[in-house]
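Structure at a glance
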Amino acid sequence: MLALTIANVKMLARNRQAAFWALFFPLLLVVVFGLIDVRGVGSGSLYVVDQADTAESQRLTESLAAVEILELESGPYSEAEARRRVDEGDLDYLVVIPRGFAQAEGESPAAVTLMYQSKNAERNQLVDGVVRSQVAEAREGLTQAPLSQLVISEVVQVPDVDYFDHVLMGLIGLGVMANSIISIAVRVSTYRNQAILKRLLVTPLPIWKYFFGEVAAHLAVAAVQVAIIMLVGVFVFGANIHGNIAWIFLIALLGSLVFLNIGFILSAWANSPAAASGMGNAIALPMMFFAGAFFSTASLPWVLPYAAQALPLTPMLDALREVAIDSGQLWDVWPQLGILGLWTLFTAAIAGRVFKFG
Amino acid sequence: MLNAVMEEAVQVDGLVKRFGPVTAVDGISFAVKRGEIFGILGPNGAGKTTTLEIIEGLQKPDQGKVTVLGMDILAKPAQVKARIGVQLQSSAYHDYLSLKEILALFGSFYPQRLDPNDLLEQVGLEDRADSRVNQLSGGQKQRFTVAASLVNSPELVILDEPTTGLDPQARRNLWELVRSIHGRGVTVVLTTHYMEEAAELCDRLAIMDRGRLVAVDAPGKLVSQLQATYTVKLVVASPLTDAQLALLNGDGEVVHLTEKNSYLLRLRNTPKALGAMLDELARSDISLDHLEVTPVTLEDVFLELTGNELRD
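A quick note: this is a predicted structure, and the numbers were derived from the prediction, not measured. (Residues numbered from 1 in each chain as written. Chains lettered and ligands numbered in written order. Predicted model: local features only at pLDDT ≥ 70, side-chain atom pairs only at ≥ 80, totals over all residues.)

A closer look at the overall build of chain B
If you tally the helices and strands in chain B, you get 12 helices and 14 strands. Over its C-alpha atoms, taken along the principal directions, chain B stretches across nearly 75 × 45 × 40 Å. Sorting the 312 residues of chain B into buried and exposed places 40% on the buried side. By sequence separation, contacts in chain B at least 24 residues apart represent 68% of the contacts at least 6 residues apart. (Helix = DSSP H or I, 4+ residues; strand = E, 2+ residues; numbered from the N terminus. Buried ≥ 20, exposed ≤ 12 C-beta atoms within 10 Å, placed from the backbone. Contact = placed C-beta atoms within 7 Å.)

Next up, the structure:
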């Protein structure tokens, strides 16, 4: 069985064209997404806790609400609630205007607090500057206190995450999915067309060993794919992976198992290797978009966002991102792993039922 | 009793296989003795491959029993497969492995295996050990598939049309290979639709047509059954009358061929009958386009037994 697995890995590696495309296609996308500046500024949410409640403080709130990249939330929240929302990432910016804000001329005013998370540094810089200038304007003529004392910035340090990190996990999912489905479907249908499967049947090799050898070899290829995509993403394009790398491999391989089963199923339906390849693409490409490999699927119309949740790629990507971006542990993603496990059993049962040797 | 069983490498009893409305194998029985080269001769579609695939355990018969090396193929398929070697009619091998690697891979499926280099040497491909299958010529490819059927040092080798599509030289090389395998005490079962191959190679021969066995015997005996030693083929300008034919043929028999004005005469007692026939031809006003005298071959046996020509 080991001999069979090793022979299969050799064959996969020697099929230069297929091996090249298996790695090149996701890498190409890594490069595309790495080069496009997807780290755009975008707007952030803002809440103002106005403890002063004076004409000046209200004017300041209004002027902040008018800033183009800030969306004022209506609340109402207490200061503690608002701070928790920032901590948890539900609120991007919190401004607290203290009671002493409207101090008369000459007296030292209490400082305005600006609170935000460390991610999205470019926008933070912009917002910080805007708030400082607005506060200075609101207090113009009232104080000689230096600008730096008017606003205190409280920055909640969080891991540095950006869209590219999100997409990188999508690319891992895409690469593993496409290669697992298409490679198995094409290989098995080639073997059937050339009667290699039949030739194996006249040996005493038990059938399950043949399947094991194929699956083990493809899992090895998938592991190499994941490693290369992560290496290029991190070292060439500066992506950040925060969670446990071992969990990422584990999730990717569990996902690969589902897609290998789908490949076996397609190989049973396809009359030729070319048809198998077409079918594989027809399944992989729509799934890539619907499972949110690159873009959020929340904006899909009708029942499609729910349907997207039912695809096997969706829990795989969720779990990968939970681990890679939010430093989740394996037990944090057990629902996704459970769904993938069910998918594995379900697709294996169908594959076992429809698989043909001749 | 045990000895009697063990003398048969293959025992087939009342085998029937249907594919939908088509009966591919229609109640055949035969036995292959240990140590012989047994041929199954018949045109395409006669049911040869289906019969072999049932013996190999690839297909299940609708009726009948097959015993291979003393074991029921349906009851002990894995044990049978471990001790036989099979060359399928149109099976390819992996594109991305060398010959040596393919043989090692297939060897790993068996409890006992031969060294790939030794196997390649046996079939004269030792210098192609690191080549891929698609770099081989047709003859080399066939020899390699024979080598692949020998990886487990089998007691019985089954070859399905091993020489189909080969040029005459490659065919002769393959015959030599089959003889050398046979020379080591291995029982060989092969199918062919070439008469001369069956006559040249096989100790015994089963003639198969439309799912039935029409004869099983040594090639020489099948030929001598015809009680004729020469066949004369006549092509004439206008049809012969029965009286004319009777004069020409003496006590032989006449077979009309499908071609127009073409007759096959089987002569007993040649050369006397041949002389009489030629005299008769010279005396008559028959205008002769073509005359051919050949020794009786399996071709004539097949024609006699099935009423069809073997050539397809």
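Some words on helix H7 (residues 168–183) of chain B
All names here are of chain B. Across its 16 residues, H7 extends 22 Å between first and last C-alpha, which sits within 8% of the 22 Å expected from 1.5 Å per residue. Buried within H7 are the following residues: Arg-171, Leu-174, Leu-177, Val-178 and Ile-181. Relative to the axis of H7, the buried residues are bounded by an arc of 115° and lie together on one face. Among the exposed residues of H7, those pointing more than 90 degrees away from its buried face are Pro-168, Gln-169, Glu-176, Ser-180 and Gly-183. (Expected span 1.5 Å × (residues − 1). Arc of directions from axis to C-beta.)

Looking at the pairing of strand E4 (residues 112–117) of chain A
All names here are of chain A. Most of E4 sits inside the fold, with five of its six residues counted as buried. Looking at chain direction, strand E3 (residues 93–97) and E4 are connected through four bridges and run antiparallel. Opposite Val-95, over in E4, you have Leu-114 as the bridge partner. For E4 and strand E5 (residues 151–156), the ladder comprises six bridges, and the chain directions are parallel. Bridge pairing links Thr-113 to Ile-152 in E5. (Pairing = 2+ DSSP bridges.)

Observations regarding the packing of helix H7 (residues 163–193) of chain A against helix H9 (residues 207–236) of chain A
Residue and element names in this part refer to chain A. With their axes 10 Å apart at the nearest point, H7 and H9 run at an angle of 150° to one another. Taken together, the axes of H7 and H9 lie roughly antiparallel to each other. Pair H7 / H9 crosses with right-handed handedness. Touching Leu-168, Leu-171, Ile-172, Gly-175, Val-176, Asn-179, Ser-180, Ser-183 and Ile-184 of H7 are Glu-214, His-218, Val-221, Ala-222, Gln-225, Val-226, Ile-229 and Gly-233, all from H9. Its residues placed into classes, the contact of H7 with H9 shows nine nonpolar, seven polar and one charged. (Axes fitted to C-alpha atoms, helices over the stretch in contact; angles between N-to-C directions. Parallel < 35°, antiparallel > 145°, perpendicular 65-115°, else oblique. Left-handed = near helix turned anticlockwise from the far one by under 90°. Nonpolar A, V, L, I, M, F, W, Y, C, P; charged D, E, K, R; others polar.)

Here we look at the sheet that holds strand E9 (residues 204–209) of chain B
Adjacent strands of a sheet pair through backbone hydrogen bonds, lying either parallel or antiparallel. Residue and element names in this part refer to chain B. One open sheet holds the six strands; their spatial order is E6-E7-E8-E3-E9-E10, and the pairing between them is mixed. In the strand order of this sheet, the two ends are held by strand E6 (84–87) and strand E10 (212–217), each with one partner. Each strand of the sheet is rotated relative to its neighbour by a mean of 15°, with strand direction disregarded. Examined bridge by bridge, strand E7 (residues 156–160) and strand E8 (residues 187–192) share five bridges and lie parallel to one another.

Section: the packing of helix H10 (residues 245–269) of chain A against helix H11 (residues 273–290) of chain A
Residues and elements named next belong to chain A. Interaxial distance between H10 and H11 falls to 9 Å at its minimum, and their mutual angle equals 135°. Taken together, the axes of H10 and H11 lie oblique to each other. Crossing angle aside, the handedness with which H10 passes H11 is right-handed. Residues Ile-262, Gly-263, Leu-266, Ser-267 and Trp-269 of H10 touch H11, and the partners they reach there are Ala-276, Met-279, Gly-280 and Ile-283. The class makeup of the residues in the contact of H10 with H11 is six nonpolar, three polar and no charged.

Let's talk about the sheet that holds strand E5 (residues 71–72) of chain B
All names here are of chain B. Read across the open sheet, the four strands follow the order E2-E1-E4-E5; overall the sheet is antiparallel. Each of the sheet's edge strands pairs with one partner strand only, and the pair in question is strand E2 (22–33) and E5. Pairing of strand E1 (residues 8–19) with E2, which is carried by nine bridges, proceeds in the antiparallel orientation. Note on E2: the bridge partner recorded for Gln-11 is Ala-31. Helix H2 (residues 48–55) rests against E1, E2 and strand E4 (63–68) of the sheet, and its axis sits at about 120° to E1.

So, the interface of chain B and chain A
Contacts between the two partners involve 20 residues from chain B and, on the opposite side, 17 residues from chain A. Its residues assigned to classes, the side of chain B that touches chain A shows 13 nonpolar, four polar and three charged.

Considering the pairing of E4 of chain B
Walk down a regular strand and you will see the side chains alternate between the two sheet faces. Residue and element names in this part refer to chain B. Where E1 and E4 come together, five bridges link them in antiparallel fashion. When the sheet's bridge partners are listed, Val-16 is paired in E4 with Gln-63. Hairpin connection from E4 to E5: two residues lie between these consecutive antiparallel strands, with Leu-69 at a positive phi of about 50°.

Things to note about the environment of Ile-84 of chain B
Residues and elements named next belong to chain B. For Ile-84, the position within the fold is in strand E6. In this structure Ile-84 comes out as buried when scored by C-beta crowding, with 27 C-beta atoms within 10 Å. For the pair Ile-84 and Leu-156, spaced 72 residues apart in sequence, the C-alpha to C-alpha distance is 4.9 Å. Ignoring any residue separated from it by four or fewer positions in sequence, one finds Ile-84 in contact with Val-68, Pro-154, Leu-156 and Ile-158.

Considerations on the environment of Leu-305 of chain B
Tracing the backbone through its elements, the reader meets Leu-305 of chain B in helix H12 (residues 298–306). If near-sequence neighbours (up to four positions away) are discounted, Leu-305 of chain B is found in contact with Ile-207, Val-214 and Ala-215 of chain B.

Side note on unusual backbone geometry
All names here are of chain B. A positive phi angle, near 50°, is found at Ser-153, a position not held by glycine. Its location among the elements puts Ser-153 in the loop between helix H6 (138–148) and E7. With a phi close to 50°, Arg-210 is a non-glycine residue in the positive phi region. Along the polypeptide, Arg-210 turns up in the loop between E9 and E10.

Focus on the confidence of the model for chain A
Chain-level pLDDT for chain A is 82 on average; 90% of the residues reach the 70-or-more range. Within chain A, H10 of chain A carries the highest mean pLDDT (92), whereas helix H6 (residues 147–150) of chain A carries the lowest (71). (pLDDT = per-residue confidence, 0-100.)

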